[in-house]
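So you can see what is in the structure, the chains are spelled out below.
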Amino acid sequence: MNKERFVVHLPVLATDLDRARRFARVICRSLGILADVDRLGTTVSAEDAQCVRHWVWCDRLLDGGRRCPLPVDHDGECGKVRLR
């Protein structure tokens with residue numbers, strides 16, 4: 001059976017775009033155990049401007065066609081997640 005891609009819209013409350021992105025990252029990490037979730041393709045939009053989407057994760061492609069796993073606008077080079 002072939003699978004199709006769908007987008008699940010989940011409204012949340014946040015004080016600004018940065019906090020909405022942070023909330024989305026938490027949700028993505030929670031769903032990371034599910035193989036069918038493309039967490040690195042996550043975007044955030046204002047409820048009244050859903051056609052204007054903001055990346056949550058860096059959208060640069062790495063070797064092998066994978067996306068950078070770091071948050072959007074991260075410091076330094078793209079690559080592996082850095083532990084703090």
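Above this text you will find the structure in question.
Residues numbered from 1 in each chain as written. Predicted model: local features only at pLDDT ≥ 70, side-chain atom pairs only at ≥ 80, totals over all residues. Heavy atoms only, no water.

Asks: Whenever I open this one, the pattern of salt bridges confuses me. Can you help?
Replies: Pairs may arise between side chains of opposite charge once their charged atoms sit close together. Tallied over the full model, the rule gives three salt bridges. In this structure, Asp36 engages Lys3 in a salt bridge whose closest nitrogen and oxygen atoms are separated by 2.8 Å. A residue pair is termed long-range when its members are at least 10 positions apart, and Asp36 in the loop between helix H1 (17-30) and strand S1 (43-46) and Lys3 in the segment before H1 qualify at 33 residues. Arg67 is the partner of Asp38 in a salt bridge, and the nearest nitrogen-oxygen pair spans 3.8 Å. Of this pair, Asp38 sits in the loop between H1 and S1 while Arg67 sits in the segment after strand S2 (49-55), placing them 29 residues apart in sequence. When its relative accessible area of 26% is taken as the criterion, Arg67 is described as partly exposed. One network of salt bridges, in which partners are shared, links Arg5, Asp38 and Arg67. (Salt bridge = Lys/Arg side-chain N within 4 Å of Asp/Glu carboxyl O. Helix = DSSP H or I, 4+ residues; strand = E, 2+ residues; numbered from the N terminus. Buried < 20%, exposed > 50% of the residue type's maximum accessible area, 1.4 Å probe, protein only.)

Asks: Looking at this structure, I do not really get the pairing of S2. What am I missing?
Replies: Regular strands have side chains that alternate between both faces of the sheet. Taken together, the three bridges between S1 and S2 define a ladder with antiparallel strand orientation. What sits directly across from Thr43, in S2, is Trp55. The antiparallel hairpin formed by S1 and S2 contains two residues in its connecting segment. (Pairing = 2+ DSSP bridges.)

Asks: Is there a simple way to think about the packing of aromatic side chains in this case?
Replies: Between two aromatic rings, the relevant description is the distance of the centres plus the angle of the planes. A complete count under the given rule lists zero aromatic pairs for this structure. It is Arg39 that lies over the ring of Trp57; its NZ or CZ is 4.8 Å from the centre. (Phe/Tyr/Trp six-rings, centres within 6.5 Å; stacked < 30°, edge-to-face > 60°. Lys NZ or Arg CZ within 6 Å of the ring centre and 35° of its normal.)

Asks: What should I look at first to understand a nonpolar patch on the surface in this one?
Replies: Together, Leu10, Val12, Phe23 and Val26 line one region of the surface with nonpolar side chains, adding up to about 350 Å² of accessible area. Structurally, the position occupied by Val12 is in the segment before H1. (Patch = residues over 30% accessible without salt bridge, like charges linked within 9 Å, V, L, I, M, F, W, Y side chains within 5 Å. Areas by Shrake-Rupley, 256 points an atom, 1.4 Å probe, with all protein chains shown as cover.)

Asks: Looking at this model, I keep getting lost on unusual backbone geometry. Mind explaining?
Replies: Residues apart from glycine generally show negative phi values, whereas peptide bonds are mostly found in trans. Despite not being glycine, Asp73 has its phi angle at roughly 60°, a positive value. When you line up the elements, Asp73 lands in the segment after S2.

Coordinates in, geometry out; function isn't part of it.
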